Amino acid sequence: MILIVGATGLLGGMITQQLLAQGKEVRILVRHNSPSEGLAQQGMATPAQTLIDAGAQPVYGDLKERSSLDSACQGIDTVITTANAVLRGGDDNLESVDLHGTQTLIDAAKAAGVRHFVYTSAAGSAPGHPHPLFDAKGRCEEHLKKSGLTYTILKPGVFMEIWIGTVVGMPLSAGQPVTLVGQGACKVAFVSIVDVAAYAVTAVDNPNAENQEIYIAGPASYSWTKVVEAVGRATGQQIPIQYVATGEPVPLIPPSMAPILAAQEIGDSLIDMSETSSRYGVDPTSLDTFAGRFFGAGG
Ligand SMILES: NC(=O)c1ccc[n+]([C@@H]2O[C@H](COP(=O)([O-])OP(=O)(O)OC[C@H]3O[C@@H](n4cnc5c(N)ncnc54)[C@H](OP(=O)(O)O)[C@@H]3O)[C@@H](O)[C@H]2O)c1
């Protein structure tokens, strides 16, 4: 039995559906106050009911409540967590969920005799990283490695669906120019969520994935300027671009994204996927494939 924590999110929902489609037994951690029904209407979450209808077994739990995690982990072979608090709020934050919640889940899994723990981190995460999210993820990676559990740490780059969907998609829908920070010239290691889900699914029961950190990106890195050109090709239009200096507000996108866009302009970020994709049998999604799927006709 596999326990998915974060199943009502975008990535966790995709992983759950793929494992169920393979005939695997899947338990999902579900909260009473999950905002996923509402977020799903904007394409930003997966309703628990959709997963239950597909065969997932719900169990109540919250990363802030150790006892609920102890119960949820009973009889589980593999835990996969994608949970995070970035789109939540109130009591759910970086400290309570991403850091302590994940570490508590690792402890509960160990105590319940879970064999394998698959943790969704992010490329660049490390303890002491100046950005608190990357620091928290780095500290969870260390906690997991020290736990004695068999681990797989997924280290994806920047999600195309979330970042390109917002930075390019929001201005496109509003009929406004796309705003890029700096020159929009540095190469960013984008990855499709579809690929990240494929790695999580393939990590289950795969000896190659045991005690591995897996960096995940597309077949190449792309600058934001190239991204806007690709979306222009997919939608058959020349998309106007305006530029703002680092530190200036970026119109139409959530303020929390602007510092990360600025950080992406410090230098190129490159992840060579040739060996990893053949080792795990996952074909990386290119920028043009993503843009056609997400923005093109029928996207
Ligand atoms: N966005 C990127 O570019 C990027 C890049 C690299 C790595 N990542 C990582 O990829 C992972 C998946 O991202 P995503 O966009 O799919 O996430 P998401 O859609 O925001 O999903 C969040 C999930 O976390 C759960 N959660 C939040 N607080 C919780 C709590 N207190 N107890 C239990 N569950 C809780 C939510 O459940 P409820 O519905 O109950 O709130 C939901 O299922 C994250 O770990 C993220 O950091 C993202």
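Anything mentioned here points back to the structure above.
Draft legend 1. A look at the overall build of the protein chain. On a plain count of helices and strands, the protein chain comes out with 13 helices and 13 strands. Computed over C-alpha atoms, the radius of gyration of the protein chain comes to 19 Å, within 12% of the 19 Å expected from 2.2 N^0.38 for 299 residues, which places it in the range of a compact globule. Along the first, second and third principal axes, the C-alpha set of the protein chain runs to 55 × 40 × 40 Å. Out of the 299 residues belonging to the protein chain, those deemed buried represent 52%.

Draft legend 2. Fine view of the pattern of salt bridges. Inspection of every chain in the model, using the stated rule, returns 14 salt bridges. As a salt-bridge pair, Lys 64 and Asp 92 come within 2.6 Å of each other at their nearest N and O atoms. With a gap of 28 residues between them, Lys 64 in the loop between strand E3 (57-60) and helix H4 (66-72) and Asp 92 in the loop between strand E4 (78-81) and helix H5 (94-111) connect regions that are remote in the sequence. By relative accessible area, which is 35% here, Lys 64 ends up partly exposed. With a shortest N-O distance of 3.4 Å, Glu 210 and Arg 115 are connected by a salt bridge. With a gap of 95 residues between them, Glu 210 in the loop between helix H9 (193-203) and strand E11 (212-216) and Arg 115 in the loop between H5 and strand E5 (116-120) connect regions that are remote in the sequence. A residue is classified by how much of its surface remains accessible, and Glu 210, at 32% relative accessible area, is partly exposed.

Draft legend 3. Highlighting the packing of aromatic side chains. Overall, the coordinates contain 5 aromatic pairs when judged by the stated rule. Their ring planes at 70 degrees and their centres at 5.8 Å tell us that Tyr 199 and Tyr 280 sit as a pair that is edge-to-face. Placement of the pair is Tyr 199 in helix H9 and Tyr 280 in helix H12 (residues 274-280), with a sequence separation of 81 residues. Put simply, the rings of Phe 290, Phe 294 and Phe 295 pair up and form one aromatic cluster.

Draft legend 4. Expanded view of the site of the ligand. Around the ligand, a shell composed of 29 residues is seen, among which Thr 8, Leu 11, Arg 31, Ser 34 and Arg 88 lie nearest. Arg 88 places a polar side-chain atom, nitrogen or oxygen, 2.6 Å from an oxygen atom of the ligand. The side chain of Lys 137 places a nitrogen or oxygen atom 3.0 Å from an oxygen atom of the ligand. For the ligand, the protein covers 93% of the area, taking 930 Å² as the surface of the free molecule. Its residues assigned to classes, the shell around the ligand shows 13 nonpolar, 10 polar and 6 charged. When residues of the shell around the ligand are assigned to domains, at least three fall in each of domain 1 (2-156) and domain 2 (159-191 + 218-270 + 285-299).

Cut-offs applied
Residues numbered from 1 in each chain as written. Predicted model: local features only at pLDDT ≥ 70, side-chain atom pairs only at ≥ 80, totals over all residues. Heavy atoms only, no water. Helix = DSSP H or I, 4+ residues; strand = E, 2+ residues; numbered from the N terminus. Rg over C-alpha atoms; globule rule 2.2 N^0.38 Å. Buried < 20%, exposed > 50% of the residue type's maximum accessible area, 1.4 Å probe, protein only. Salt bridge = Lys/Arg side-chain N within 4 Å of Asp/Glu carboxyl O. Phe/Tyr/Trp six-rings, centres within 6.5 Å; stacked < 30°, edge-to-face > 60°. Near = heavy atom within 4 Å. Polar contact = N/O pair within 3.5 Å; in protein donor to acceptor, adjacent residues only side chain to side chain. Areas by Shrake-Rupley, 256 points an atom, 1.4 Å probe, with all protein chains shown as cover. Nonpolar A, V, L, I, M, F, W, Y, C, P; charged D, E, K, R; others polar. Domains from an automatic or database assignment.

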